Amino acid sequence: MAPPAAVAGRQQPQQQQQQQQGGMGQTITGIIRIAVFWYFASKFFSPGSKKPSDPALLTSNLFQKGDSLDMWFYLSEHEKFNDFGNESALIWHETNIPYGVWGPDSTRSLSLKYYPTEALKHNASLYAHVFLARSGYPPDPNDPEYQPLFAFGRTHPLVVYLPKHRADKRRSLLGNPKEGETISQVVGDSEVDSTDNGPVEWVSYWKPNVTVNLVDDFTRYPHNAVPPNISPFLNVDPSTGNYYPTIFFNEFWLLRDKLIQVNETVTELPLNLEVGLISMTKWQLFHQIDQSFQIHRSYGSMIEGEADELKRVFLEGNPYLLLITMVVSLFHSVFDFLAFKNDIQFWNKNKSMEGLSAKSVVVSFISQLIVFLYLLDNDTSWMILASSGVGCCIEFWKIGKAMHIELDRSGKIPMLRFRDRETYAGNKTKEYDDLAMKYLSYVLFFLCGCSAVYSLMYERHRSWYSWILSSLTSCVYMFGFIMMCPQLFINYKLKSVAHLPWRQMTYKFLNTIIDDLFAFVIKMPTLHRLSVFRDDLIFLIFIYQKWVYPVDKTRVNEFGFGGEDDQATNTDASATQIEDKKTN
């Protein structure tokens, strides 16, 4: 059916329609003419307008590809340097370095020992002053042969100041110090707390590796439109408007654990120097990654040291193995999402707890809550905390699907009451679940008790609360597979696995296989590696049970329906059709 506006339009006289269409076309034509007029007026009548391609508006490199450069590397405790005549400050000099030409001759290196002064041992600063000039020209402005357009340089600190690690507040709760532990850490928290709450102490660290990179960039940029990611690094000559070659001190691969603390006991420091080219793409990539790390740290989504660990993977890993790991990680994320989605769908549509272990759901929530409290106590990034917190909420929601949760207001303090569902308590499932959890709890409590006593006797903790959390968390990681065993026992007793969420378990099993690969690729504790293969064993038992036990069509599936219900429904429908035919 045509819209009312179209019906009304057909009812108008044809002449009136043509007038309206002509008026609309004239209006559009007038707007276009005015826009074109103002465009050409702004182009031809604007004062001082020049074409963008005018060479006077472009800034280019003052040096050409293949120009030969000389380099001077000075060390000084002053940020401003003009003592070019001091031979002791000059520690490295190279000549005839081809600029912009990639080859073995464009990279130079030197390794030496630096003997720190007393001032440097007591938190003084030290700077590297790098000067480059066209071969045959000096870098000293006071030299008669100095040419300002042929020489350039940059200063970079060789000492970085980082906050000293706060005093370790962990102590032996039983009062027996370990070897190398001070008495102040054992007696109590008073002395340690006073140090921890005091002002932050900064410590100087030496950078053993200094890499000087010349950016291979000969781009001609618009004078007033230099890209914002490049303009802060361009050293532009004010007289010509052109820029010097960019000097980049490459510290991307200088990890924090490679830094050397400078104190009174240090007598010599290693210094590895290198000068060479870096491509424009690589230079920008390093800057973008560093800026991304800084943003994540400012938002709290990345704690200090995680960036170094990520870089270490690329430094120490096999490139092909890293590529496989990245691809597999993508699959791991997809499978994890699908497992999460199917888990929510299963418990949302589940109408019967027959054959399912309700106590495993409760134990799973308690384990997730323990891990969340442990992460909260250890200053973890908010991103990981948020993920763990969402997991706690979902596990508690699953308890509401497995049991009846009621708010009891009969007492002075309202309390939550958990009551079994009729489909769980009215059959053998509850009996088998109680029996399995009874014996497994004995084993679990014994192992957790032994682990907690060992931790109390031989490890240090910040408080009794921290010891309880760390002991419970260790038990969750070491003995978490026990909470999956009651379901295996119920399957064995019922001789059926039709009630399990197999789609969700399949995705989890695929993720476990991927974790096996990570166990060989990524460095991790041996206990965590064993836990990965332990989960494999549990899933293999589930698969064996699925193969051994035949499908029982009388048993209710995960959606609350059984095969006989479908047959009965089909039989009733057929009988109804026969009766209808007889009636007709």
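Model, not experiment: these values are computed from the prediction.

Quick word on the overall build of the protein chain
Scanning the protein chain from terminus to terminus reveals 17 helices and 17 strands. Burial analysis of the protein chain (584 residues in total) assigns 36% to the buried set. Of the contacts formed within the protein chain by residues at least 6 apart in sequence, a portion of 75% connects residues at least 24 apart.

Some words on the confidence of the model for the protein chain
Of all residues in the protein chain, 71% have pLDDT values of 70 or greater, and the mean over the chain is 75. Highest mean pLDDT in the protein chain belongs to strand 5 (residues 127–134) (96); lowest belongs to helix 4 (residues 184–187) (39). This model gives residues 557–576 a pLDDT under 50, and the stretch forms 20 contacts once residues within four places in sequence are excluded. When the criterion is pLDDT under 50, residues 578–584 qualifies, and its contacts beyond four places in sequence or with other chains add up to 0 contacts.

Focus: the sheet that holds strand 8 (residues 202–206)
Overall, antiparallel pairing links the 3 strands, which are arranged 7-8-14 in an open sheet. Since the sheet does not close on itself, it has two edges, and those belong to strand 7 (159–163) and strand 14 (260–261), each with one partner. The sheet contact formed by strand 8 and strand 14 spans 2 bridges and is antiparallel. Bridge pairing links Trp-206 to Ile-260 in strand 14.

Examining the packing of helix 9 (residues 358–377) against helix 12 (residues 428–458)
Contact geometry of helix 9 with helix 12 gives a least axis separation of 9 Å together with a crossing angle of 45 degrees. Judged by the angle between their axes, helix 9 and helix 12 are oblique. Counting all contacts with helix 9, which are made through Ala-358, Lys-359, Ser-360 and Val-363, the residues of helix 12 involved are Lys-430, Asp-433, Asp-434 and Met-437. Here the contact of helix 9 with helix 12 is composed, by residue class, of 3 nonpolar, 1 polar and 4 charged.

Some details on a nonpolar patch on the surface
Taken together, the side chains of Leu-174, Val-453, Tyr-454, Met-457, Tyr-458 and Trp-464 define a hydrophobic patch exposed on the protein surface, amounting to about 650 Å² of accessible area. If you tally residues by element for the nonpolar patch, the top one is helix 12, at 4 residues. The residue Val-453 is located in helix 12 in this model. With a relative accessible area of 47%, Val-453 lands in the partly exposed category.

Some details on the packing of aromatic side chains
As enumerated under the stated definition, the model contains 22 aromatic pairs in all. Relative to Phe-84, the ring of Phe-81 has its centre 5.4 Å away and its plane inclined at 75 degrees; by these criteria the two rings are edge-to-face. On the accessibility criterion, Phe-84 (12% relative accessible area) is buried. In textbook terms, an aromatic cluster arises when at least three aromatic residues are bridged by ring pairs, as seen for Tyr-74, Phe-81, Phe-84 and Phe-131. Note that Arg-134 overlies the ring of Phe-150, its terminal NZ or CZ placed 4.5 Å from the centroid.

Concerning the sheet that holds strand 13 (residues 247–249)
With respect to topology, 4 strands assemble into an open sheet ordered 4-15-9-13, the strand pairing being mixed. Taken across any chain shown, the strands that pair with only one partner, and hence form the sheet edges, are strand 4 (108–114) and strand 13. Neighbour to neighbour, the strand axes of the sheet diverge by 20 degrees on average, direction disregarded. With 7 bridges joining them, strand 4 and strand 15 (residues 269–279) adopt antiparallel strand pairing. Counted as the bridge partner of Tyr-114 is Leu-269 from strand 15.

A word on the nonpolar core
Counting 32 residues, the largest nonpolar core has Phe-73 and Trp-206 as its most contacted members. Every element with two or more residues in this core is listed here: strand 2 (68–76), strand 3 (90–98), strand 5, strand 9 (209–216), strand 13 and strand 15. Element by element, the count of residues in this core is highest for strand 15, at 5 residues. Excluding residues within four positions of it along the chain, Trp-206 makes contact with Tyr-114, Leu-120, Leu-126, Leu-158, Val-159, Leu-259, Ile-260, Val-262, Leu-269, Pro-270 and Leu-271.

Some details on the packing of helix 12 against helix 14 (residues 485–494)
Pairs of packed helices are described in terms of their axes, by the angle between the two and the distance that separates them. At a minimum axis distance of 9 Å, the contact between helix 12 and helix 14 shows a crossing angle of 135 degrees. With respect to each other, helix 12 and helix 14 are oriented oblique. The handedness of the crossing between helix 12 and helix 14 comes out as right-handed. Across from Lys-428, Thr-429, Tyr-432, Asp-433, Leu-435, Ala-436, Met-437 and Leu-440 in helix 12, the residues of helix 14 making contact are Cys-485, Pro-486, Phe-489, Ile-490, Lys-493 and Leu-494. Residue classes in the contact of helix 12 with helix 14 are distributed as 10 nonpolar, 1 polar and 3 charged.

Quick notes on unusual backbone geometry
Phi at Asn-96 takes a positive value of approximately 55 degrees, unusual for a residue other than glycine. Phi at Asn-123 is positive, roughly 70 degrees, even though this residue is not glycine.

What about the environment of His-93?
With respect to the element layout, His-93 can be found in strand 3. Here the alpha-carbon distance between His-93 and Met-71, two residues 22 residues apart in the chain, equals 5.6 Å. Apart from the residues lying within four places of it in its own chain, the contact partners of His-93 are Asp-70, Met-71 and Trp-72. One polar contact links the side chain of His-93 to the main-chain carbonyl oxygen of Met-71, over a distance of 2.7 Å. Looking at His-93, its side chain comes within polar contact range of the side chain of Trp-72, at 3.3 Å.

A look at helix 12
Along an α-helix, a turn takes 3.6 residues, which lines up residues three or four apart on a common side. Between its terminal C-alpha atoms helix 12 stretches 45 Å, which fits the 45 Å expected from 31 residues at 1.5 Å a residue. Among all positions of helix 12, only Thr-429, Tyr-432, Asp-433, Ala-436, Met-437, Leu-440, Ser-441, Cys-448, Ser-451, Ala-452, Ser-455 and Leu-456 are buried.

Focus: the environment of Asn-209
The topology assignment puts Asn-209 in strand 9. Distance from Asn-209 to Lys-258, taken between C-alpha atoms, is 8.9 Å for residues 49 residues apart in sequence. Those residues in contact with Asn-209 that lie beyond four places of it in its chain are Leu-254 and Asn-272. Engagement of the side chain of Asn-209 in a polar contact is seen with the side chain of Asn-272, the distance being 2.9 Å.

Observations concerning the pattern of salt bridges
The final tally for this structure, using the stated rule, is 11 salt bridges. A salt bridge links Asp-216 to Lys-65, with the shortest nitrogen-to-oxygen separation between them at 3.6 Å. In this pair, Asp-216 is assigned in strand 9 and Lys-65 in the loop between strand 1 (58–59) and strand 2, connecting sequence segments 151 residues apart. As a salt-bridge pair, Lys-398 and Glu-395 come within 3.6 Å of each other at their nearest N and O atoms. Of this pair, Lys-398 and Glu-395 both sit in helix 10 (residues 382–402), 3 residues apart, which is roughly one turn of the helix.

Conventions adopted
Residues numbered from 1 in each chain as written. Predicted model: local features only at pLDDT ≥ 70, side-chain atom pairs only at ≥ 80, totals over all residues. Heavy atoms only, no water. Helix = DSSP H or I, 4+ residues; strand = E, 2+ residues; numbered from the N terminus. Buried < 20%, exposed > 50% of the residue type's maximum accessible area, 1.4 Å probe, protein only. Contact = heavy atoms within 4.5 Å. pLDDT = per-residue confidence, 0-100. Pairing = 2+ DSSP bridges. Axes fitted to C-alpha atoms, helices over the stretch in contact; angles between N-to-C directions. Parallel < 35°, antiparallel > 145°, perpendicular 65-115°, else oblique. Nonpolar A, V, L, I, M, F, W, Y, C, P; charged D, E, K, R; others polar. Patch = residues over 30% accessible without salt bridge, like charges linked within 9 Å, V, L, I, M, F, W, Y side chains within 5 Å. Areas by Shrake-Rupley, 256 points an atom, 1.4 Å probe, with all protein chains shown as cover. Salt bridge = Lys/Arg side-chain N within 4 Å of Asp/Glu carboxyl O. Phe/Tyr/Trp six-rings, centres within 6.5 Å; stacked < 30°, edge-to-face > 60°. Lys NZ or Arg CZ within 6 Å of the ring centre and 35° of its normal. Core = buried A, V, L, I, M, F, W, Y, C linked by side-chain atoms within 4.5 Å. Left-handed = near helix turned anticlockwise from the far one by under 90°. Polar contact = N/O pair within 3.5 Å; in protein donor to acceptor, adjacent residues only side chain to side chain. Expected span 1.5 Å × (residues − 1).

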